[in-house]
Amino acid sequence: MEHTSLLERILRGIALALVVIFFMFPIVWILMMSFQTNETILRIPPQLVFEPTLANYTALITGKLMTAAGTLDIAFMRNLWNSVFLSVTSVAVALLLGVPAAYAFARHKFRGSENIAFTLLSFRFAPALLVLLPLTLYFQKLGLANTYIGLIWVYQLICLPLILWIVRGYFEDIPADIEYAYRIAGHSWFATFRKIALPLAGPGIAAAGLLAFIFAWNNFVFALVLASADKQPVTVGALAFITSSGIQYGQISAAIVLSITPTLALALYAQRYLVEGLSLGAVKG
């Protein structure tokens, strides 16, 4: 039985505390800034004790941003709704298309399957700027520019390859003999996929969906070029806080807090599935 001395436990505690402080400090600092005015934020040295204010959150919710140059109209709450709608819909479409495709690549080997799978993955490798110009031209001709359908379509370049390759690995880790036994009992391949493969790969699918949601939520370039202000997500809408009178640090901090809340809530809710999914297939001893 391993015994640790008091000094070793103290050193481990200090090391763990330093790691937590290192990673949590930016989040805590942003949270503090969201309750401060620009004057308080820009003071040197920074003040840890201050009088909190809800003016930054009020400006975001009401859409009225008070600056030295006057009152500006901002559409942050609409941008937040756009992020939720685009990310959820894009991940749902990617799961609907990617999960059956991942199962096909994992179970049915055919000529060129690896090349096709790698080609789909290469879409994730390609820089966004590489495909923006042709996409813009095609979208203008097809009438998809500045539409939710067009953005959901182009978001598949982010979500679909990620889900396809991650879920494919989970399906490959499931013993095929379980499915063969179910097929021998007289069930169709679709019933086998729905009642055997999907439940066993459920945690992995949830983990892949959560990662795809985060990547879609954080996208900036596609929405900046292919959509106007009324359809842009929060990542682009945050540019409204860079005004002619200066950068509104308090409103930017409040916007960050509000924008990370949905992904944080989703991650906490799906934490069990995420941990189970990321550890699926791992060697345990």
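The structure presented is a predicted model; accordingly, all values stated were derived computationally and were not measured. (Residues numbered from 1 in each chain as written. Predicted model: local features only at pLDDT ≥ 70, side-chain atom pairs only at ≥ 80, totals over all residues. Heavy atoms only, no water.)

## Some details on the overall build of the chain
Scanning the chain for helices and strands turns up 14 helices and 4 strands. Here the C-alpha atoms of the chain give a radius of gyration of 24 Å, more than 25% beyond the 19 Å that 2.2 N^0.38 yields for 285 residues. With the C-alpha coordinates of the chain rotated into their principal frame, the extents come out at 75 × 70 × 30 Å. The proportion of buried residues among the 285 residues of the chain is 35%. Here the analysis covers contacts within the chain between residues at least 6 apart in sequence; of these, 72% occur between residues at least 24 apart. Only carbon and sulfur atoms are counted for the fraction: they give 72% of the accessible area of the chain, which is about 17000 Å². Looking at the chain, you have 17 positive and 12 negative side-chain charges, and the mean spots of the two groups are 8 Å apart. (Helix = DSSP H or I, 4+ residues; strand = E, 2+ residues; numbered from the N terminus. Rg over C-alpha atoms; globule rule 2.2 N^0.38 Å. Buried < 20%, exposed > 50% of the residue type's maximum accessible area, 1.4 Å probe, protein only. Contact = heavy atoms within 4.5 Å. Areas by Shrake-Rupley, 256 points an atom, 1.4 Å probe, with all protein chains shown as cover. Lys, Arg positive; Asp, Glu negative; His and termini not counted. Charge placed at Lys NZ, Arg CZ, Asp CG, Glu CD.)

## Some words on unusual backbone geometry
In this structure, the amide linkage connecting Ile 44 to the following residue, Pro 45, adopts the cis form with an omega of -5 degrees. Even without a glycine there, the phi angle at Asn 146 is positive, about 60 degrees. Summarising the element assignment, Asn 146 is placed in the loop between α6 (128-142) and α7 (148-173). According to the relative accessible area criterion, Asn 146 is partly exposed, its value standing at 30%.

## Considering helix α5 (residues 113-125)
An ideal rise of 1.5 Å per residue puts 18 Å on 13 residues; α5 measures up with 19 Å between its terminal C-alpha atoms. Among the residues of α5, Ser 113, Ala 117 and Leu 121 are the ones counted as buried. For α5, the arc enclosing every buried residue in end-on projection is 55 degrees, short of the 170-degree limit, so these residues lie on one face. Exposed and oriented more than 90 degrees from the buried face of α5 are Asn 115 and Phe 125. (Expected span 1.5 Å × (residues − 1). Arc of directions from axis to C-beta.)

## Observations concerning the packing of α7 against helix α10 (residues 202-217)
Running from N to C, α7 and α10 cross one another at 160 degrees; their axes reach a closest spacing of 9 Å. By the angle between their directions, the pair α7 and α10 is classed as roughly antiparallel. In terms of crossing hand, the pair formed by α7 and α10 is right-handed. Seen from α7, the contacting residues are Tyr 155, Ile 158, Cys 159, Leu 162, Ile 163, Ile 166, Val 167 and Tyr 170; seen from α10, they are Gly 204, Ile 205, Ala 207, Ala 208, Leu 211, Ala 212, Phe 215 and Ala 216. (Axes fitted to C-alpha atoms, helices over the stretch in contact; angles between N-to-C directions. Parallel < 35°, antiparallel > 145°, perpendicular 65-115°, else oblique. Left-handed = near helix turned anticlockwise from the far one by under 90°.)

## Brief notes about the confidence of the model for the chain
When the pLDDT values of the chain are averaged, the result is 82; 91% of them are 70 or greater. Ranking the elements of the chain by mean pLDDT puts helix α14 (residues 271-278) last, at 63, and helix α4 (residues 76-107) first, at 91. Confidence drops under a pLDDT of 50 for residues 281-285, and excluding neighbours within four residues, the segment shows 2 contacts in the predicted structure. (pLDDT = per-residue confidence, 0-100.)

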